[in-house]
Amino acid sequence: MNERPVGKKRVRFEPDNIEVMAETGANLLRVAQDAGVYIASSCGGNAVCGTCKVLIKEGNVATTGLDNHLSPEEIRQGYRHACSSHVLTDLTVFIPVESRLERTALTREDADAFEISDGVMGFIAEMGRNQEASPATAIESEMAPADVALEPPRTRPPLAKFFLKMTPPTLEDNVSDLSRILRELKSLYNLINLTVDFDVVKKLPETLRAANWEVTVTTIVTAISPSRAARHRPRVINIEPGDTRDRYYSLAFDIGTTSICGQLLDLNQRKVMAQYTDYNRQIIYGQDVITRIAFSQKTGGLDKLQQAVVSTINGIIRVLLSQCRIALEDVGHFVVAGNTTMIQILFGVSPKYIRLAPYVPTVNFMPPVKAKSLGIEAADHVYIHSLPIVASYIGADIVSGVLASGMHEKETLTLYIDIGTNGQIVLGNSEWMVTAACSAGPAFEGGGITNGMIASGGAIESFEINKETGAPVVRTVNGERPKGICGSGLISIIAGLFKVGIIGQDGKFDMEKNNIRLREGQDGPEYVIAWAPETQTGRDIVITEIDTGNLLRAKAAMYAGFQTLAKSVGVDGRDLEQVIIAGNFGHFIDPEEAITIGLLPDLPVERFTFIGNGSLNGVRLNSYYTDIIDDARKVATMMTNFELSDNTDFTNNYIASLFLPHTQASEFPSVMKWLNGMKVRK
Ligand code: FES
């Protein structure tokens, strides 16, 4: 590599026109990240995936990696991989459409439908979704969503404020300041057995006297003790002059591997004041938890990951507070949920053993700590509280989602399923629950798919064939021109092509079909969803047989996980009374299409419920109601986790599921009935 000039350089990112100063030699992917310019980086900057392609329009970079994914023509034009480029001179860097991670992916809306015909793409009609988002889960809008309805109203929030108007000490009544406060709390509010933070004691004498003995005492219930009495013992965490009961706020966050969503809650009214979502800045270190765990083992890796998630959280907190004009000091509590890896990293606990047999998490009930000690921008007295963790791959997000769904309160036999790279399944009811996690791979998030992408603007999210013209009709995220295919689009495409016989039950294309969209591509048989002139990238968008195989493996892992779990507790899938689909991705799946490809059990569609970000809903409930803390403990304790990685039944079920919809026809009677009627190629 050439010797690098000393000093800072100006780096301009287009098309956002964001300009920053960077150290000479700085990694271009990191510079972009620090500037708030998000570039796809599936492999976490390891120069493997090729997703971080950028165009160096002006200036020079030093390249340290092999540009395997770039053609000689692209290199000649100035394309480089951001992760293996280092700033040498002032730069103008263009982020091509396929490399951009846009915030639209975080605020996904229903889109318009387009008919793709040979060279012509025309707007047809807006297609309604066939399932409705419940108000509590319509989080794609950054408007504050309506709240989860809980009837009847439960206990008060774990964060509580008590106003005290005390008589000053006298020679006759000369108990200590703290005793005076505890005496008042007992007499006015029947509060006993309190513990008191030392920080409160330190500021007690001056605060009491400056406030003329009129103060607000804040308590919190965050104890993790198995004993309910101990759990409900409030801790005095703050004392403020005057009556501040009208300023009573909390933060609720879902810490996702890809994105982080935060809500600012008004605890007096129990309502969401504002919501904001951003990419988890850890994304530059890899797209999935396994890559992140691997990165955490590098020197300084855990610190970098922890700082990345904290800086994302801090950015969201700033947006929420400024939107609502609320002071940081008035936020008294912070509740989070997330998968086990995300929670351990946030708390600065190494996730190393999560991916090593026998796959145990470090802790089930994370002790609450001061938020500030983790680097979170919060008032000194604020504790951060995580929902419980069940296992390495059944995290606080699942406990939180189950709580929000109410599954733990009903006798209804329920399947709760979160579809994603790490699929998570819960089966049971108020009496018992079993769980399992299955590694489905990245296909549901567009990973490993020729034209795959996450669900941001232009991602094809649904597909059908126009019966009259035979042309595909696609719907894209935000109604933009097609750019790629996201997970829900992939399911829809495979189901659609299967229904018209272009794909057979083995996932292979029928090349004998007379269809101009079927052709031999670089990687074998493929079907053209959109021609180059119709797309944002100027290249054909295709689905290949390799893509189909990847989706088959992903759906087989999910279904086999369910099958294995159900069989292990003697449940027949047909007896399921309710199927709850959680997760933002799941929210956009059409259940009929998912059944068609054998991803979800073959049940009447009315048994399916979509709850969107169940994890966030559960976190919010934890902020509103103290008794939910007990429920969370109960749910986490009653869940029995089944490890599937070396389970023979799972392997057999997985192999049987590598078929459309399944090799066991009896598993999918409605699909088989239709299939036999259609005489589709088997
Ligand atoms: S090649 Fe750059 S992030 Fe993967």
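The structure under discussion appears in the preceding block.
Owing to the predicted nature of the structure, the values given are computational and were not obtained by experimental measurement. (Residues numbered from 1 in each chain as written. Predicted model: local features only at pLDDT ≥ 70, side-chain atom pairs only at ≥ 80, totals over all residues. Heavy atoms only, no water.)

1. As for the pattern of salt bridges
For step 1, the next point in the chain: The tally for this structure, following the rule as stated, stands at 24 salt bridges.
For step 2, the next point in the chain: As a salt-bridge pair, E73 and R76 come within 2.8 Å of each other at their nearest N and O atoms. Of this pair, E73 and R76 both sit in helix α2 (residues 72-77), 3 residues apart, which is roughly one turn of the helix.
For step 3, the next point in the chain: For R76, a relative accessible area of 61% puts it in the exposed group.
For step 4, the next point in the chain: Of the charged contacts, one joins R235 and D197 as a salt bridge, the two residues approaching to 2.6 Å between their closest N and O atoms. (Salt bridge = Lys/Arg side-chain N within 4 Å of Asp/Glu carboxyl O. Helix = DSSP H or I, 4+ residues; strand = E, 2+ residues; numbered from the N terminus. Buried < 20%, exposed > 50% of the residue type's maximum accessible area, 1.4 Å probe, protein only.)

2. Some details on helix α14 (residues 614-624)
For step 1, the next point in the chain: Counting buried residues along α14, 11 of its 11 residues qualify, which places the element largely inside the surrounding structure.
For step 2, the next point in the chain: G614, S615, L616, N617, G618, V619, R620, L621, N622, S623 and Y624 are the residues of α14 that are buried.

3. Considerations on the environment of T651
For step 1, the next point in the chain: Of note, T651 is situated in helix α16 (residues 648-656).
For step 2, the next point in the chain: Overall, T651 belongs to the partly exposed group, its relative accessible area being 39%.
For step 3, the next point in the chain: For T651 and A560, which are 91 residues apart along the polypeptide, the C-alpha to C-alpha distance reads 7.9 Å.

4. A short note on unusual backbone geometry
For step 1, the next point in the chain: The peptide bond linking E14 to P15 adopts the cis configuration, its omega dihedral lying at 5°.
For step 2, the next point in the chain: Following the sequence through the fold, P15 ends up in the loop between β1 (8-14) and β2 (18-23).
For step 3, the next point in the chain: Of the consecutive residues A357 and P358, the connecting peptide bond is found in the cis state with omega at 5°.
For step 4, the next point in the chain: You can see P358 is positioned in the loop between α8 (340-346) and β18 (369-370).
For step 5, the next point in the chain: In this model, N17 sits at a positive phi of 55°, which is unusual for a non-glycine residue.
For step 6, the next point in the chain: Position of N17 among the secondary structure elements: in the loop between β1 and β2.
For step 7, the next point in the chain: Residue class for N17 comes out partly exposed when judged on its relative accessible area of 44%.

5. Details of the packing of aromatic side chains
The description of two aromatic rings rests on the distance between their centres and on the angle between their planes.
For step 1, the next point in the chain: If you walk through the whole model with that rule in mind, you get 10 aromatic pairs.
For step 2, the next point in the chain: On the basis of an interplanar angle of 65° and a centroid distance of 5.5 Å, the ring pair of Y559 and F562 is categorised as edge-to-face. With Y559 and F562 both in helix α11 (residues 545-568) and 3 residues apart, this pair spans about one turn of that helix. Residues Y559 and F562 agree in their burial class; the two are buried.
For step 3, the next point in the chain: Clustering of aromatic rings is evident, with ring pairs tying together Y559, F562 and F668.
For step 4, the next point in the chain: Above the face of the W213 ring, R180 is positioned so that its terminal group lies 5.9 Å from the ring centre.
For step 5, the next point in the chain: Note that R633 overlies the ring of F365, its terminal NZ or CZ placed 3.9 Å from the centroid. (Phe/Tyr/Trp six-rings, centres within 6.5 Å; stacked < 30°, edge-to-face > 60°. Lys NZ or Arg CZ within 6 Å of the ring centre and 35° of its normal.)

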